[in-house]
Amino acid sequence: MTAVTSALGRELQLVHAAQWLYSVNGEPFVPGDGDPYAGLVRGFGEDTAPLHAALAERRPLWRSRLDTWVAGPAVLPGLLGHPDLVVAAAVPQAEPWLPAPDRQRTAAARDLAHRGGRGAVRAAAAPLRRLTAGTVAGIAPGPADLITAVAAPLAATGYAALLGVPEDRHVEFAAAVADTAPAVDALLCPQSLAATERAAAGVRELRRLLAPSGHAEAGLVLAVAGTRAATDLLGETLLRLLDRPGEWPRLRTDPGHVEAAVRAAMPAHGPWHLHPLTALAPLEAAGVRVEAGDQVTLVPDLDGTAPAPYARLLIPAARAVAEEALHRLASRFPHVRPDGAPVRARRAPVTRRLVRLPALLGEEETR
């Protein structure tokens, strides 16, 4: 282990230790009501409703013990899309993948909208259909994990098509995307050192694969955060459909039902449940002054709030990939039923992603 790697590991441990400490103690080393924001970002426990309720009792904009401003639903309308707030990591990163803060307000945002917007989806429709059909054809019937064996590879295939990755590099692209699985959550919650190093290697590989593109910066964001959003959206859609087996046959004959199923699985606030930001200049909200360089986390209401602009840019491509994948899956497998309990990742406060969804995929019976 190099000195740099060892130092990174210590930093990650210290940040995560602070999240745990403040989540159970109101003040350092004094038992009492913990900091609900620290409890939320440490990423343990599936039921976040009590933490959101505790957050709602605080001021609209308040400072956590983690030295981060926490913005609740009441103040979000004035902060969503604020030009001086940009996405930034709140914990150490081994390999950054976000555009530089000053570029997020200009060129990077335009490129992301261009590469991941509806126009790009329409332009890539033919390869998206063909490649998705090929990937679905390779999925065997029987027991399957709908996340690792279905949603993740289909999302990687879809984004390889959208980003124009050469087909002889698709296996490398999918492997790199898999390595970056925790990268979005790592913006707010430290991952293990091993997972952090794998994600860093994946980012470097994606950067290499996308280098020939004229929009490699936006492509990297879509490869990391877009595939994450598409994988999660498809996984949540499949989870929802497992509880509604009567809806599955309709997917084969009604394209509108495919779109409706995917749309129903997307939270109103978009693919991110928390939004880690940094202020580029001083600003005021709810009577509070936020200084340049301060960290601000937007915490949407569980039941609403429009997606933040930067997260909204991920939605068109994620929906297109999920819809095409779902259509092909329903055509290939007329029957699907649960085969075990779903499992969500720990240390995943931003995405709350599924990591396991056991099911049985069935073909038509023949005699």
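Residues numbered from 1 in each chain as written. Predicted model: local features only at pLDDT ≥ 70, side-chain atom pairs only at ≥ 80, totals over all residues. Heavy atoms only, no water.

S.K.: Help me understand the overall build of the protein chain, please; the structure alone is not making it clear to me.
M.R.: Along its length, the protein chain carries 16 helices and 14 strands. Scaling as 2.2 N^0.38, a compact globule of 367 residues should have a C-alpha radius of gyration of about 21 Å, and the protein chain matches this with 21 Å. Among the 367 residues that make up the protein chain, the fraction classed as buried is 51%. When the accessible surface of the protein chain is summed, it comes to about 16,200 Å², and 54% of that surface belongs to carbon and sulfur atoms. Side-chain charges in the protein chain split into 38 positive and 38 negative, and the spacing between the mean points of these groups amounts to 3 Å. (Helix = DSSP H or I, 4+ residues; strand = E, 2+ residues; numbered from the N terminus. Rg over C-alpha atoms; globule rule 2.2 N^0.38 Å. Buried < 20%, exposed > 50% of the residue type's maximum accessible area, 1.4 Å probe, protein only. Areas by Shrake-Rupley, 256 points an atom, 1.4 Å probe, with all protein chains shown as cover. Lys, Arg positive; Asp, Glu negative; His and termini not counted. Charge placed at Lys NZ, Arg CZ, Asp CG, Glu CD.)

S.K.: Would you explain the nonpolar core in this entry?
M.R.: Considering soluble globular proteins, one finds that nonpolar side chains tend to be buried as a cluster. Ranked by internal contacts, the top residues of the largest apolar core, which has 69 residues, are Trp97, Tyr159 and Phe173. For this core, the element with the most residues is helix H12 (residues 216-242), which contributes nine residues. Not counting chain neighbours up to four residues away, the residues in contact with Trp97 comprise Ala183, Val184, Leu187, Val203, Arg207, Leu220, Val221, Val224 and Ala225. Counting residues in each nonpolar core, the second largest holds 33 residues, with Ala151, Leu238, Ala265 and Leu329 among its members. (Core = buried A, V, L, I, M, F, W, Y, C linked by side-chain atoms within 4.5 Å. Contact = heavy atoms within 4.5 Å.)

S.K.: Please explain the packing of helix H1 (residues 3-24) against helix H11 (residues 193-210) as it appears in this structure.
M.R.: Relative orientation and spacing of two packed helices are given, respectively, by the angle between their axes and the distance between those axes. Look at H1 against H11: their axes get within 10 Å of each other, and the N-to-C directions meet at 120°. With respect to each other, H1 and H11 are oriented oblique. Where H1 crosses over H11, the handedness of that crossing is right-handed. Within the contact between the two elements, H1 uses Thr5, Leu8, Gly9 and Leu12 and H11 uses Leu193, Thr196 and Glu197. Class assignment of the residues belonging to the contact of H1 with H11 gives a composition of three nonpolar, three polar and one charged. (Axes fitted to C-alpha atoms, helices over the stretch in contact; angles between N-to-C directions. Parallel < 35°, antiparallel > 145°, perpendicular 65-115°, else oblique. Left-handed = near helix turned anticlockwise from the far one by under 90°. Nonpolar A, V, L, I, M, F, W, Y, C, P; charged D, E, K, R; others polar.)

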